[in-house]
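Structure at a glance
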Amino acid sequence: MLVERTFSIIKPDAVERNLIGTIVSRFESEGLRPVAMRRSLLSRSEAEGFYAEHSERPFFGELVDFMTRSPVVLMVLEGDNAILKNREIMGATNPADAADNTLRKLHANSIGENSVHGSDSPVSAARELNWFFKGSEVSS
Ligand code: ADP
Ligand code: MG
């Protein structure tokens, strides 16, 4: 067993449709416990910095517009193999490709408005959770 922490966002499309509880409940029921959580309306600079690795992609402007249009929920999730487990629960980026019963298959509107973010590696998880949370805000 490897207890890890990963970083998760409930994106604007899901918050707008009152899916916060549904999504958090799914994580808890699968052994991913929120150990930090905050609702926030992201600034453009927060969203641009968070998604810096995608800054040259053609969809970057659209992605920042989307992520800043209404509030998100920022979370640190903790549990066994949390990084991979979260990616499995989320499903593929494009809901058309996502496996049955994944969050994106169940809830996403499109490849862009895909309801949830999850870190894809230990390095990303550390960078992303530190981008939004101070150490004192995370507690097991
Ligand atoms: P993931 O979120 O599955 O790790 P990526 O890191 O590749 O996916 O992309 C980050 C986010 O950018 C996606 O979750 C989605 O919101 C958006 N995105 C990715 N590809 C596209 C695209 N082709 N068109 C519009 N938005 C996209
Ligand atoms: Mg990614």
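The structure contained in this document is the topic of the report that follows. (Residues numbered from 1 in each chain as written. Chains lettered and ligands numbered in written order. Predicted model: local features only at pLDDT ≥ 70, side-chain atom pairs only at ≥ 80, totals over all residues. Heavy atoms only, no water.)

Some details on the nonpolar core
Where a protein is soluble and globular, its nonpolar side chains tend to be buried together. Ranked by internal contacts, the top residues of the largest apolar core, which has 20 residues, are F7, M67, L74 and F133. Taken together, the elements giving at least two residues each to this core come down to strand 1 (3-10), strand 2 (33-40), helix 3 (44-50), helix 4 (60-67), strand 3 (72-80) and helix 7 (122-132). For this core, the leading source of residues is helix 4, giving five residues. Setting aside chain neighbours within four positions, we find M67 in contact with I9, K11, P12, L42, A47, Y51 and V72. In this structure, A14, L19, A82 and I89 belong to the second largest nonpolar core, which totals 16 residues. (Core = buried A, V, L, I, M, F, W, Y, C linked by side-chain atoms within 4.5 Å. Buried < 20%, exposed > 50% of the residue type's maximum accessible area, 1.4 Å probe, protein only. Helix = DSSP H or I, 4+ residues; strand = E, 2+ residues; numbered from the N terminus. Contact = heavy atoms within 4.5 Å.)

What to know about the packing of aromatic side chains
Considering all chains together, one arrives at five aromatic pairs under this definition. Both rings, one in F50 and one in Y51, keep their centres 4.8 Å apart while their planes meet at 75°; by these two values the pair is edge-to-face. Exposure class is identical for F50 and Y51. Each is buried. In this structure an aromatic cluster arises from ring pairing among F7, F50, Y51, F132 and F133. (Phe/Tyr/Trp six-rings, centres within 6.5 Å; stacked < 30°, edge-to-face > 60°.)

Focus on the pairing of strand 3
For a regular strand, side-chain orientation follows a simple rule: the groups alternate between the two sheet faces. With eight of nine residues buried, strand 3 lies mostly within the body of the structure. As paired elements, strand 1 and strand 3 share eight bridges and run antiparallel to each other. Note that in strand 3 the partner of E4 across the bridge is G79. Relative to strand 3, strand 2 is paired through seven bridges, and the arrangement is antiparallel. Counted as the bridge partner of R39 is V73 from strand 3. (Pairing = 2+ DSSP bridges.)

Things to note about the environment of G135
Its location among the elements puts G135 in the segment after helix 7. For the pair formed by G135 and N109, sequence separation is 26 residues and the distance between their alpha carbons is 34 Å.

Looking at the environment of A99
Examined against the element boundaries, A99 turns out to sit in the loop between helix 5 (82-90) and helix 6 (103-107). Using a relative accessible area of 46% as the deciding quantity, one classes A99 as partly exposed. In this structure, the C-alpha to C-alpha distance between A99 and E88, residues eleven residues apart in sequence, is 8.9 Å.

What about unusual backbone geometry?
Phi at N18 takes a positive value of approximately 60°, unusual for a residue other than glycine. Its location among the elements puts N18 in the loop between helix 1 (12-16) and helix 2 (20-29). Although it is not a glycine, S115 sits at a positive phi angle of roughly 75°. Here S115 falls in the buried class, since its relative accessible area comes to 1%.

Examining the site of ligand 1
The environment of ligand 1 is made up of K11, Y51, H54, F59, E62, L63, R87, T93, R104, I111, G112 and N114. One nitrogen or oxygen atom from the side chain of R104 is found 3.0 Å from an oxygen atom belonging to ligand 1. In the model, an oxygen atom of ligand 1 is placed 2.9 Å from a nitrogen or oxygen of the N114 side chain. Taking 530 Å² as the accessible area of ligand 1 by itself, protein coverage stands at 81%. Among the residues forming the shell around ligand 1, the class breakdown is four nonpolar, four polar and four charged. (Near = heavy atom within 4 Å. Polar contact = N/O pair within 3.5 Å; in protein donor to acceptor, adjacent residues only side chain to side chain. Areas by Shrake-Rupley, 256 points an atom, 1.4 Å probe, with all protein chains shown as cover. Nonpolar A, V, L, I, M, F, W, Y, C, P; charged D, E, K, R; others polar.)

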